[in-house]
Amino acid sequence: MYCRILLAYDGSSDGQKALREGALLAMTCGAEVFLLSVIPDSTGVVVADAAFAGALSQQEENYRAIFENGIARLKAIGFKPSGKLVCGDPAQQIGAVAKAIGAELVVVGHRKRSIMERWWSGSSGSYLMDRLDCSLLVSRHSISDETFAKALEAFRLKTAVPEV
């Protein structure tokens, strides 16, 4: 069904939901996973960096830790993920990377925004739907630790090679 899945991960609770749901789907499909974390361009951070030296490098360190955490979580459940940490507009970067790696599915989290936030910054979801050449899964399903562990165990038992 899907051979290459791009998981967009920002470390938020919504991003963690997407990572779990995407990982379970990738296991089911036997898909390769690619993790993407995007450091959002922010005028506020640039201004803060001018006033307080190091704001940009601190933001990059924070996102690098988030990215490395996502890679480690995927490795811990048996994937050999590749990934990338980039800077820019998240929706644009997700679209560009999905195209570059030939993703067949992109998995993103969903964060509810107020009407003013949507008016001010536009809709990332609409941008992705209009520009992706592949399927898009907007994860809203919360998977508990217990349910996730059971699903992993069931998958491992199902795919285990029987002893001869």
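Residues numbered from 1 in each chain as written. Predicted model: local features only at pLDDT ≥ 70, side-chain atom pairs only at ≥ 80, totals over all residues. Heavy atoms only, no water.

**Quick word on the side chain of Ser 139**
Thinking step 1. Positionally, Ser 139 belongs in strand β5 (residues 135-139).
Thinking step 2. A residue is classified by how much of its surface remains accessible, and Ser 139, at 1% relative accessible area, is buried.
Thinking step 3. Of the polar contacts made by the side chain of Ser 139, one reaches the backbone oxygen of Lys 17; its length is 3.5 Å.
Thinking step 4. Excluding residues within four positions of it along the chain, Ser 139 makes contact with Lys 17, Ala 18, Glu 21, Val 107, Val 108, Gly 109 and His 110. (Helix = DSSP H or I, 4+ residues; strand = E, 2+ residues; numbered from the N terminus. Buried < 20%, exposed > 50% of the residue type's maximum accessible area, 1.4 Å probe, protein only. Polar contact = N/O pair within 3.5 Å; in protein donor to acceptor, adjacent residues only side chain to side chain. Contact = heavy atoms within 4.5 Å.)

**Some details on the nonpolar core**
Thinking step 1. By size, the foremost hydrophobic cluster in this structure holds 26 residues, and its most contacted members are Ile 5, Leu 7, Leu 35, Leu 74, Ile 77 and Phe 79.
Thinking step 2. Elements with a minimum of two residues in this core: β1 (4-8), α1 (13-29), β2 (32-40), α3 (55-76), β4 (105-109) and α7 (145-159).
Thinking step 3. Once you skip the residues sitting within four places of it in the chain, Leu 35 turns out to touch Leu 7, Tyr 9, Leu 19, Phe 67, Gly 70, Ile 71, Leu 74, Ser 82, Gly 83 and Lys 84.
Thinking step 4. In terms of nonpolar packing, the next biggest core, distinct from the first, is built from 17 residues, Phe 34, Leu 36, Ile 94 and Ala 103 among them. (Core = buried A, V, L, I, M, F, W, Y, C linked by side-chain atoms within 4.5 Å.)

**Things to note about the environment of Val 33**
Thinking step 1. With respect to the helices, strands and loops of the structure, Val 33 is situated in strand β2.
Thinking step 2. The exposure class assigned to Val 33 is buried, which follows from its relative accessible area of 2%.
Thinking step 3. Excluding residues within four positions of it along the chain, Val 33 makes contact with Ile 5, Leu 7, Ala 26, Leu 74, Phe 79, Pro 81 and Ser 82.

**What to know about helix α4 (residues 90-101)**
In an α-helix, one turn spans 3.6 residues, which is why side chains three or four residues apart end up on the same side.
Thinking step 1. Across its 12 residues, α4 extends 16 Å between first and last C-alpha, which sits within 8% of the 16 Å expected from 1.5 Å per residue.
Thinking step 2. Residues Ala 91, Ile 94, Gly 95, Val 97, Ala 98 and Ile 101 constitute the buried set of α4.
Thinking step 3. Phi for Gly 102, located one or two positions after α4, is positive at around 70°. (Expected span 1.5 Å × (residues − 1).)

**Considerations on the pairing of β2**
Thinking step 1. In terms of burial, β2 is a largely internal element, seven of the nine residues being buried.
Thinking step 2. The sheet contact formed by β1 and β2 spans five bridges and is parallel. If you follow Leu 6 over to β2, its bridge partner there is Phe 34.
Thinking step 3. With α1 bridging β1 and its parallel neighbour β2, the resulting β-α-β unit is right-handed. (Pairing = 2+ DSSP bridges. Right-handed = clockwise from strand over helix to strand, strands pointing away.)

**Description of the packing of α1 against α7**
Packed helices, taken two at a time, are described by their axes: the angle between them and the distance between them.
Thinking step 1. Viewed as axis vectors pointing N to C, α1 and α7 meet at an angle of 10°, and their least axial separation amounts to 11 Å. With respect to their mutual orientation, α1 and α7 come out roughly parallel. Between α1 and α7 lies a crossing whose hand is left-handed. Residues Arg 20, Leu 24, Met 27 and Thr 28 of α1 touch α7, and the partners they reach there are Asp 145, Phe 148, Ala 151, Leu 152 and Phe 155.
Thinking step 2. When its residues are assigned to classes, the contact of α1 with α7 shows six nonpolar, one polar and two charged. (Axes fitted to C-alpha atoms, helices over the stretch in contact; angles between N-to-C directions. Parallel < 35°, antiparallel > 145°, perpendicular 65-115°, else oblique. Left-handed = near helix turned anticlockwise from the far one by under 90°. Nonpolar A, V, L, I, M, F, W, Y, C, P; charged D, E, K, R; others polar.)

**Some thoughts on the environment of Thr 159**
Thinking step 1. You can see Thr 159 is positioned in helix α7.
Thinking step 2. For the pair Thr 159 and Thr 28, spaced 131 residues apart in the sequence, the C-alpha separation amounts to 9.9 Å.

**Thoughts on the sheet that holds β4**
Thinking step 1. The parallel open sheet is built from five strands, whose spatial order is β3-β2-β1-β4-β5. The open sheet has two edge strands with one neighbour each: β3 (82-88) and β5. For this sheet, the mean inter-axis angle between neighbouring strands, taken without regard to orientation, is 20°.
Thinking step 2. Its contacts with the sheet put α4 on β1, β2, β3 and β4, and the angle it makes with β2 is roughly 150°.

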